[in-house]
Amino acid sequence: SKKAKIWRNGSTNELEECHQLLGELETHQDAWPFLQPVNLKTVPGYKKIVKKPMDFSTIREKIINKQYSSGEGFKDDVNLVFDNCERFNEDNSEIGKAGHIMRTFFDKRWTELLKR
Ligand SMILES: Cc1ncccc1N[C@@H](C)c1ccc2c(c1)OCCCO2
């Protein structure tokens, strides 16, 4: 059977670790563009250009509704937030810069989580 994954604090509940990490993302000072879904009615072009919108509040709902079977699904949705950001925003725009900062922060914390 699949070896149980022991996470940083010794918990075997990787989704609890994801929930904690989501809290760190939401409270980061550069999280502001990603806290809520992009309004597809007021942001021109977003609905056409971004095929799979994602944001931190949607990820929180999915954790609460147990829609992730593992940390991988959580990681994929967080990366989708940042990939959408790169697709739509210039790297040197305020939102684009925030996306790069948030992705770097997430990658570091995710690595620490997996490697205890
Ligand atoms: C992540 C992302 N990518 C592309 C466009 C928007 C967004 N985020 C949304 C939440 C947003 C951020 C800043 C905004 C905004 C909306 O419009 C209202 C005016 C203040 O500027």
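Treat the numbers as computed from the prediction; the structure is a model and nothing was measured. (Residues numbered from 1 in each chain as written. Predicted model: local features only at pLDDT ≥ 70, side-chain atom pairs only at ≥ 80, totals over all residues. Heavy atoms only, no water.)

(A) View of the packing of helix 4 (residues 71–88) against helix 5 (residues 94–114). Axis separation between helix 4 and helix 5 bottoms out at 8 Å; the angle between their running directions is 160 degrees. Relative to helix 5, the element helix 4 lies roughly antiparallel. Between helix 4 and helix 5 lies a crossing whose hand is left-handed. Mapping the contact onto sequence places Gly71, Glu72, Phe74, Lys75, Val78, Asn79, Phe82, Asp83, Cys85 and Glu86 in helix 4 and Ile95, Gly96, Gly99, His100, Met102, Arg103, Phe106, Asp107 and Trp110 in helix 5. (Axes fitted to C-alpha atoms, helices over the stretch in contact; angles between N-to-C directions. Helix = DSSP H or I, 4+ residues; strand = E, 2+ residues; numbered from the N terminus. Parallel < 35°, antiparallel > 145°, perpendicular 65-115°, else oblique. Left-handed = near helix turned anticlockwise from the far one by under 90°. Contact = heavy atoms within 4.5 Å.)

(B) Geometry of unusual backbone geometry. A positive phi is found at lysine 66, a non-glycine position, where the angle reads about 55 degrees. Along the chain, lysine 66 turns up in the loop between helix 3 (56–64) and helix 4.

(C) Structural view of the side chain of arginine 103. If you trace the backbone, arginine 103 turns up in helix 5. Among the polar contacts listed, one links the side chain of arginine 103 to the backbone oxygen of phenylalanine 82, at a separation of 3.4 Å. Not counting the four nearest positions on each side in its chain, arginine 103 is found in contact with Asn79, Phe82, Asp83 and Glu86. (Polar contact = N/O pair within 3.5 Å; in protein donor to acceptor, adjacent residues only side chain to side chain.)

(D) Examining the nonpolar core more closely. Within the largest apolar cluster, 22 residues are counted, with the highest numbers of intra-cluster contacts made by Phe56, Ile59, Phe74 and Phe106. For this core, the secondary structure elements donating two or more residues are helix 1 (14–27), helix 3, helix 4 and helix 5. The element that contributes the greatest number of residues to this core is helix 4, accounting for six residues. The residues contacting isoleucine 59, other than those within four sequence positions of it, are Leu22, Met54, Tyr68, Phe74, Asp77, Val78 and Val81. (Core = buried A, V, L, I, M, F, W, Y, C linked by side-chain atoms within 4.5 Å. Buried < 20%, exposed > 50% of the residue type's maximum accessible area, 1.4 Å probe, protein only.)

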